[in-house]
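Each chain is listed here by its residues.
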Amino acid sequence: MKKYNLIIFLLMVITMLSVMSGCFHGQNSAAKGFTINGVSVEEYKIIYAENPETDYLAQYPKYNVIDDIQFDRITAEELRDAIQELFGVTLEVCLDYRTEVSDYEILVGATNRTIEEEDFFAMSPYDMLAGVDGSKLYLRGGCFGATYSAKEKLVELLKQRSDNGKKLVALGDDYAVKEEAQLTTIACLGDSITEGASVFIPDVVVDMPENKAHYSWPVVLQRIFWKSSYVYNFGCSGSCVRTDIEEHAFVNTLQWGTLMTVADKVDIALIMLGTNDTFWDTNHRLSDNEVQIFMTSYEAMLQAMLEKNPNMKFTMLNCPVVYGHPNSATQEVLDAQLMTYATLMEKNYPIEFFDMRAASSELDRSVFSDGIHLSSRGSGVVAQVIATVCEDFYDLKK
């Protein structure tokens with residue numbers, strides 16, 4: 001009888017342990033994962049927006065220095081990989097207009113899906129928005145880098161709340177991000193070489209406005225640093241440093257006025273001015289007095305920017321090489337630029353110098369469309385050179 005009772009007791013203990021084990025197993029299963037308003041992320045697809053430049057740049061692929069410009073897709077794929085690493089779920093990444101709309105979508109970038117709660121048209125380049133709208137999770141920035149920053153912020157939240165995948169993360173309507181992305185702002189000051197004048201696609205049309213928008217070197221620089229930076233192109237055709245040439249002085253241009261409105265955000269100013277300072281001069285030379293005017297004009301420009309933003313840093317890029325334009329970017333201007341840089345350094349201005357004349361002299365002449373302005377390929381080549389400068393001087397990340 002005692003043996004029988006012992007057997008019954010042991011069976012009861014084993015049964016209780018099995019039940020408890022099952023309960024604990026169920027609790028652990030429920031305690032892991034990622035839900036959006038109660039729906040498991042396993043039900044979701046990640047939807048991204050196509051780069052608006054896709055069709056235009058696809059016409060001339062050999063002039064593009066960036067192989068992959070689908071920046072929102074890259075952001076979406078990195079989000080997919082993070083979710084897989086944390087929760088063991090691999091989501092499909094899909095292009096918006098090639099994918100049928102469904103209830104369960106994570107939206108990355110300016111997709112063709114509608115989010116009722118947000119006014120995306122009012123966004124600045126730096127704004128990043130993220131939230132849950134019904135069963136959809138959205139990440140949107142005013143530029144590609146801001147969208148990428150919104151993704152980074154979400155991934156960090158998922159890591160923290162899940163204890164690196166060990167706990168359940170439940171995002172609901174209370175999840176909302178409305179702030180500015182911490183991007184490095186680069187302002188490119190220059191003349192027609194920076195603006196993109198005479199940038200053209202061979203055998204197409206010279207000076208098409210859209211070519212400037214897609215192929216000036218600051219635009220290409222933006223593509224290179226799309227994750228970390230926002231690049232402004234303040235190039236103005238015909239502009240010069242000297243303020244005694246009032247009609248063409250850069251500080252009298254619309255671009256300068258626009259720069260002053262955003263200067264508080266500018267971290268780095270890349271200044272490539274000087275090519276026109278002898279071109280507009282009656283004698284196409286710089287007298288000793290005019291060298292002094294050049295130097296004081298340059299310093300006054302930096303002072304005005306520092307008054308708006310004391311933390312701004314500068315890089316002086318001297319005049320690129322020119323062919324067949326003897327009155328532009330003369331040796332006198334190059335000397336004046338070096339003298340200006342030395343003086344500014346003595347006065348402890350936060351300025352670096354890069355010898356663009358030497359760097360551009362090593363380039364094939366085909367990078368110049370007319371001997372002075374950059375071709376479409378030339379803009380890409382120069383942007384890569386300047387990107388290396390930014391990496392070396394400011395530790396910028398691609």
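Here, every reference points to the structure presented above.
Because the structure is a prediction, the values reported are computed rather than measured. (Residues numbered from 1 in each chain as written. Predicted model: local features only at pLDDT ≥ 70, side-chain atom pairs only at ≥ 80, totals over all residues. Heavy atoms only, no water.)

### Here's the deal with the overall build of the chain
So, step 1. On a plain count of helices and strands, the chain comes out with twelve helices and 14 strands.
So, step 2. With 398 residues in all, the chain has 54% of them scored as buried.
So, step 3. Long-range contacts, defined as pairs at least 24 residues apart, comprise 73% of the intrachain contacts of the chain with a sequence gap of at least 6.
So, step 4. Looking at the chain as shown, the accessible area adds up to about 19200 Å², and 51% of this sits on carbon and sulfur atoms. (Helix = DSSP H or I, 4+ residues; strand = E, 2+ residues; numbered from the N terminus. Buried < 20%, exposed > 50% of the residue type's maximum accessible area, 1.4 Å probe, protein only. Contact = heavy atoms within 4.5 Å. Areas by Shrake-Rupley, 256 points an atom, 1.4 Å probe, with all protein chains shown as cover.)

### Examining the packing of aromatic side chains
So, step 1. By the definition in use, this model includes 15 aromatic pairs.
So, step 2. Ring geometry for Phe393 versus Tyr394: centroids 6.2 Å apart, planes at 85 degrees, classification edge-to-face.
So, step 3. Members of the aromatic cluster, joined through ring pairs, are Phe71, Phe144, Tyr148 and Trp226.
So, step 4. Note that Lys265 overlies the ring of Tyr126, its terminal NZ or CZ placed 4.8 Å from the centroid.
So, step 5. Above the plane of the ring of Tyr323 lies Arg365, whose end atom (NZ or CZ) is 4.0 Å from the centre. (Phe/Tyr/Trp six-rings, centres within 6.5 Å; stacked < 30°, edge-to-face > 60°. Lys NZ or Arg CZ within 6 Å of the ring centre and 35° of its normal.)

### Considering the sheet that holds strand E11 (residues 229–235)
So, step 1. Strand order in the open sheet made by the five strands is E11-E10-E12-E13-E14, with parallel pairing throughout. In this open sheet, the two edge strands, each paired with only one partner strand, are E11 and strand E14 (351–354). When the angles between neighbouring strand axes are averaged without regard to direction, this sheet yields 20 degrees.
So, step 2. Across four bridges, strand E12 (residues 268–272) lies against strand E13 (residues 313–317) in parallel orientation. Paired with Ala269 across the bridge in E13 is Phe314. (Pairing = 2+ DSSP bridges. Axes fitted to C-alpha atoms, helices over the stretch in contact; angles between N-to-C directions.)

### Comments concerning the pattern of salt bridges
So, step 1. Evaluation of the coordinates by the stated rule reveals 18 salt bridges.
So, step 2. Here Asp68 makes a salt bridge to Arg73, at a shortest N to O gap of 2.4 Å.
So, step 3. Exposure remark for Arg73: the relative accessible area of 19% places this residue in the buried category.
So, step 4. A salt bridge links Glu152 to Lys151; the nearest nitrogen and oxygen atoms lie 2.6 Å apart.
So, step 5. Lys151 gets classed as buried once you look at its relative accessible area, which sits at 2%.
So, step 6. Residues joined by salt bridges that share partners form a network here, namely Glu78, Lys151, Glu152 and Lys227. (Salt bridge = Lys/Arg side-chain N within 4 Å of Asp/Glu carboxyl O.)

### Quick notes on the sheet that holds strand E9 (residues 176–180)
So, step 1. Strand order in the open sheet formed by six strands is E4-E3-E5-E7-E6-E9, and the pairing between neighbours is mixed. Of all the strands in the sheet, the pair left with one neighbour each is strand E4 (92–95) and E9. Here the strands of the sheet are splayed against their neighbours by 15 degrees on average, with no regard to which way each runs.
So, step 2. Where strand E6 (residues 127–133) and E9 come together, five bridges link them in antiparallel fashion. Bridge pairing links Asp127 to Glu180 in E9.
So, step 3. Lying over the sheet, helix H4 (residues 144–162) contacts strand E5 (105–108), E6, strand E7 (136–141) and E9, oriented at roughly 135 degrees with respect to E7.

### Some remarks on the pairing of strand E1 (residues 33–36)
So, step 1. What you see with E1 is no split at all: Gly33 and Thr35 on one side and Phe34 and Ile36 on the other are buried throughout.
So, step 2. Here E1 pairs with strand E8 (residues 168–171) via four bridges, running parallel. Among the inter-strand pairings, Ile36 is bridged to a residue of E8, identified as Leu171.

### Digging into the packing of helix H8 (residues 254–262) against helix H9 (residues 288–308)
So, step 1. In the contact formed by H8 and H9, the axes pass within 9 Å of each other and the chain directions differ by 30 degrees. As summarised for this structure, H8 and H9 are arranged roughly parallel, according to the angle between their axes. Considering how the two elements wind past one another, H8 and H9 form a crossing that is right-handed. Every residue of H9 that contacts H8 at Trp256, Leu259 and Met260 is listed here: Met301, Ala304, Met305 and Lys308.
So, step 2. Here the residues of the contact of H8 with H9 are counted per class, giving six nonpolar, no polar and one charged. (Parallel < 35°, antiparallel > 145°, perpendicular 65-115°, else oblique. Left-handed = near helix turned anticlockwise from the far one by under 90°. Nonpolar A, V, L, I, M, F, W, Y, C, P; charged D, E, K, R; others polar.)

### Considerations on the environment of Thr90
So, step 1. Along the chain, Thr90 turns up in the loop between helix H3 (71–87) and E4.
So, step 2. In sequence terms Thr90 and Tyr44 are 46 residues apart; their C-alpha atoms lie 9.7 Å from each other.
So, step 3. Beyond its immediate chain neighbours, meaning those up to four positions away, Thr90 contacts Arg80 and Gln84.

### Focus: helix H12 (residues 376–394)
Helical periodicity: at 3.6 residues per turn, an α-helix aligns residues three or four positions apart in one direction.
So, step 1. For H12, which comprises 19 residues, the first-to-last C-alpha distance of 26 Å matches the rise-based estimate of 27 Å (1.5 Å per residue) to within 8%.
So, step 2. Buried within H12 we find Ser376, Gly378, Ser379, Gly380, Val381, Val382, Ala383, Ile386, Ala387, Val389, Cys390 and Tyr394.
So, step 3. Immediately downstream of H12, the backbone of Asp395 shows phi near 55 degrees, a positive value. (Expected span 1.5 Å × (residues − 1).)

### Looking at the side chain of Ser229
So, step 1. With respect to the helices and strands, the residue Ser229 is situated in strand E11.
So, step 2. Ser229 sits in the buried class, given a relative accessible area of 0%.
So, step 3. Residues contacting Ser229, with those up to four places away along its chain left out, are Leu183, Thr184, Ile186, Gln222 and Leu396.

Just distances and angles here, no functional claims.
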